[in-house]
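Understanding the architecture of this molecule
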Amino acid sequence: MTSNTKSYPREEIVTDHIVVRKHFDSESIRPRLTVAKFGVDYNHDPEPLRAFDLFFLNEKIYAGCVPTYRRIYRCEGVSDFRGIYGPIDGLFLLEKGHFADNVRFAWWNPATKECSLIPRVEFELQERFQDCCRMVGIDLDRVNQDYKVVWLRTFWDEMTNDLYPKIFAALYSSKNDSWKYLEPNYSYECQLSVSQNCTYINGKYHWMTRSKEICNKDNVYSVRTFDFVTELFGEMTGPPIPGDHWATLMLRGGSLAAVFW
């Protein structure tokens, strides 16, 4: 994801999920609480330095403790780093880019310290489009042993000064190393919200949407789902969040939790 990143064949990064999981869970690199940080040093010469760092936190976090941390990974020269998703059996998905047509994804295996770019997906976008909302979800299709990425985007149309009436959606398959387009079964007016961590439960990925409709002066929140095996969208009743808030989902104790502010 940087100017000096080596490209590896997909099969060298995404191997059998059992092997990947065992490697990730080994005693020397077992799962730990981590914090990912992207920052820019504007005092760096001759030009600002953009870097991504990954830190280990304490084994135990409790009320009143001051977390200590240890840096385990640093990557300098990063451009437009946007997000990190996972892990799924030890694999993470990295995202870079902030504009309509420059977003790229890559699989990152911290156990082997290798990164593999995913092919671009070509949506039919207009120059007048501005990024509005987005949602990224990842998981392993255990029936077909296939790591997949679902990506949804909406855009603001500067010509009409309104949302463009379409949800652009695509699904990536690591088995085929390719994208295919999807047609979500809900309105483009729903506000998409990226989950705070990998909200995958019972074979489905979950995320929050907020409708433009108003009921008793409250927004209408819904939980949307995507099944990585059947590749079908679904919907669940959302939490009773009062008033007008930004809201998203996260996993807590193995259950879905809603966060709003």
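The shown structure was predicted, so the numbers you read here are calculated from the model rather than taken from an experiment. (Residues numbered from 1 in each chain as written. Predicted model: local features only at pLDDT ≥ 70, side-chain atom pairs only at ≥ 80, totals over all residues. Heavy atoms only, no water.)

1. With respect to the side chain of R134
If you trace the backbone, R134 turns up in strand β8 (residues 129-141). A polar contact is formed between the side chain of R134 and the side chain of E95, at a distance of 2.4 Å. In contact with R134, not counting residues within four places along its chain, are R82, Y85, E95, L152, R153, L192, S193 and V194. (Helix = DSSP H or I, 4+ residues; strand = E, 2+ residues; numbered from the N terminus. Polar contact = N/O pair within 3.5 Å; in protein donor to acceptor, adjacent residues only side chain to side chain. Contact = heavy atoms within 4.5 Å.)

2. Here we look at the nonpolar core
If you look at the biggest cluster of nonpolar residues, it comprises 39 residues, and the most contacted ones within it are L93, V149, L152, W179 and W207. Secondary structure elements with two or more residues in this core: β4 (81-88), β5 (91-96), β6 (104-109), β8, β9 (146-157), β11 (168-173), β12 (178-182) and β15 (204-215). Ignoring sequence-local partners within four residues, the contact set of W179 consists of F105, I118, P119, R120, V121, V149, W151, A170, L171 and Y172. F92, L94, A106 and W108 belong to the second-largest nonpolar core, a separate cluster that totals 7 residues. (Core = buried A, V, L, I, M, F, W, Y, C linked by side-chain atoms within 4.5 Å. Buried < 20%, exposed > 50% of the residue type's maximum accessible area, 1.4 Å probe, protein only.)

3. Observations regarding unusual backbone geometry
Following D45, the chain continues into P46 via a peptide bond in cis, with omega recorded as 5°. Of note, P46 is situated in the loop between β1 (34-41) and β2 (49-56). Despite not being glycine, N161 has its phi angle at roughly 55°, a positive value. The topology assignment puts N161 in the loop between β9 and β10 (162-163). What makes N161 exposed here is its relative accessible area of 55%.

4. What about the pattern of salt bridges?
Any two side chains of opposite charge can pair if their charged atoms end up close together. Throughout the structure, instances matching the rule amount to 7 salt bridges. Close ionic contact of E231 with K148 constitutes a salt bridge, the shortest N to O distance being 2.9 Å. Here E231 is found in the loop between β16 (218-227) and β17 (232-237), whereas its partner K148 is found in strand β9, with 83 residues between them in sequence. One connected set of salt bridges, linked through shared partners, spans D141, K148, K180 and E231. (Salt bridge = Lys/Arg side-chain N within 4 Å of Asp/Glu carboxyl O.)

5. Topic: the packing of aromatic side chains
Counted under the stated rule, the structure contains 18 aromatic pairs. Their ring planes at 25° and their centres at 6.1 Å tell us that Y164 and F168 sit as a pair that is stacked. Y164 gets classed as partly exposed once you look at its relative accessible area, which sits at 27%. Residue class for F168 comes out buried when judged on its relative accessible area of 5%. The interplanar angle of 90° and the centroid separation of 6.5 Å between the aromatic rings of Y205 and F228 together place this pair among those described as edge-to-face. With a gap of 23 residues between them, Y205 in strand β15 and F228 in the loop between β16 and β17 connect regions that are remote in the sequence. Like F228, Y205 is buried. Three or more aromatic residues joined by ring pairs make a cluster, and in this case those are F105, F123, F129, W151, F155, Y164, F168, Y172, W179 and Y181. Sitting over the face of the ring of F168, K166 holds its NZ or CZ atom 5.4 Å from the ring centroid. (Phe/Tyr/Trp six-rings, centres within 6.5 Å; stacked < 30°, edge-to-face > 60°. Lys NZ or Arg CZ within 6 Å of the ring centre and 35° of its normal.)

6. With respect to the environment of N202
You can see N202 is positioned in the loop between β14 (200-201) and β15. The exposure class of N202 is exposed, given its relative accessible area of 75%. C-alpha of N202 to C-alpha of D227: the two residues are 25 residues apart in sequence and 9.2 Å apart in space.

7. Topic: the environment of F129
Along the chain, F129 falls in strand β8. Taking relative accessible area as the criterion, F129 reaches 4% and is therefore assigned buried. On a C-alpha basis, the gap between F129 and M159 in space is 8.5 Å, while along the polypeptide they are 30 residues apart.

8. Here we look at the pairing of strand β19 (residues 255-260)
Both strand β18 (residues 247-252) and β19 contribute to a ladder of 6 bridges, which runs antiparallel. Its bridge partner lying in β19, A247 is registered against F260. Counted between consecutive antiparallel strands, the loop separating β18 from β19 contains 2 residues, among which G253 sits at a positive phi close to 65°. (Pairing = 2+ DSSP bridges.)

Limitation: the analysis is restricted to geometry and does not speak to function.
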